[in-house]
Structure formats: structure tokens, C-alpha cells
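# Secondary and tertiary structure notes
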Amino acid sequence: MATSGDEGLALVFALIDDLVASNGTSPVLRVSVGAPGIVDPRTETIRWGVHLGWTNVPLGRMMNG
């Protein structure tokens, strides 16, 4: 299990890379990511991920680069 937002996002990207690599010639059209806990939809920030101990993880900004 990832212990930080950065580690969690790195795991998500690794899983997506594996999916794309094993998908053959079919394109991957969409990937959805669920976020734990309380999320601020305006800033796309995980304010409190109680089970992971995450606070103020800017998931949207991290995913967009």
C-alpha cells in the first residue's frame, strides 16, 4: 500500500502503463481514478483520506502534470 499521495499516484501510473502495455492493439479509451475520503471538487484536492492518513493531497494537479 502507498504511504503518501506521491507514492499512490506513482502506483496508479504504473498500473496504467501495465494496462496499456498488455492491451495489444486495442486503445485504452478512459481511465477512472477514485479518491479516498473528503475531496474538494473545486481544487481536486483530497482534504482528508482517513484510512490512508492523507491530508491536502492535490490529486488533480498531480495527475495533470
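Sequence order sets the numbering: in each chain, residues are counted from 1 along the sequence as written. Restriction of local features to residues with pLDDT of at least 70 applies here, the model being predicted, together with a cutoff of 80 or more for giving and counting side-chain atom pairs; totals for whole chains, interfaces and linings are based on all residues. The side-chain values count all of the structure's non-hydrogen atoms but skip hydrogen atoms and water molecules.

Our focus in this paragraph is the overall build of the chain. The helix and strand labels rest on DSSP assignments: H or I over at least four residues marks a helix, E over at least two residues marks a strand, and numbering proceeds from the N terminus. Across its full length, the chain holds two helices and three strands. When the helices and strands of the chain are listed from N to C terminus, the series reads α-β-β-β-α. C-alpha extents for the chain along the principal axes are approximately 40 × 25 × 20 Å. Here's how the labels work: a residue is buried when its accessible area is under 20% of the maximum for its type, exposed when over 50%, partly exposed in between, all with a 1.4 Å probe on protein chains only. Of all 65 residues assigned to the chain, the portion counted as buried reaches 22%. In this description, accessible areas are obtained by the Shrake-Rupley approach with a 1.4 Å probe, and a residue is regarded as covered only by the protein chains that are shown. Counting only carbon and sulfur atoms, one obtains 57% of the accessible surface of the chain, whose full area is about 4900 Å². Here Asp and Glu are counted as negative and Lys and Arg as positive; His is not counted, and neither are the chain ends. Here the site of a charge means atom NZ of a Lys, CZ of an Arg, CG of an Asp or CD of a Glu. The positive charge centre, built from 4 side chains, and the negative charge centre, built from 6, are 13 Å apart in the chain.

Strands sit in the order β1-β2-β3 across an open sheet of three strands; the sheet is antiparallel. The open sheet is flanked by β1 (38–40) and β3 (54–57), the only strands paired with a single partner. Neighbour-to-neighbour, the strand axes of the sheet open up by a mean angle of 15°, direction not taken into account. Of the strand pairs in this sheet, β1 and strand β2 (residues 45–49) are connected by three bridges, and their pairing is antiparallel. Whether two strands pair depends on DSSP finding at least two bridges between them. Helix axes use the C-alpha atoms of the stretch in contact, all axes being lines fitted to C-alpha atoms, and the angles between their N-to-C directions lie in the range 0 to 180 degrees.

What follows deals with the environment of methionine 62. By the secondary structure assignment, methionine 62 is in helix α2 (residues 59–64). Between the C-alpha atoms of methionine 62 and glycine 5, which are 57 residues apart in sequence, the distance is 9.0 Å.

The next thing to look at is the environment of valine 20. Mapped onto the fold, valine 20 is located in helix α1 (residues 5–22). On the basis of relative accessibility, which here comes to 46%, the residue valine 20 falls in the partly exposed class. In the structure, valine 20 is positioned 38 residues away from proline 58 in sequence and 25 Å away in space, judged by C-alpha atoms.

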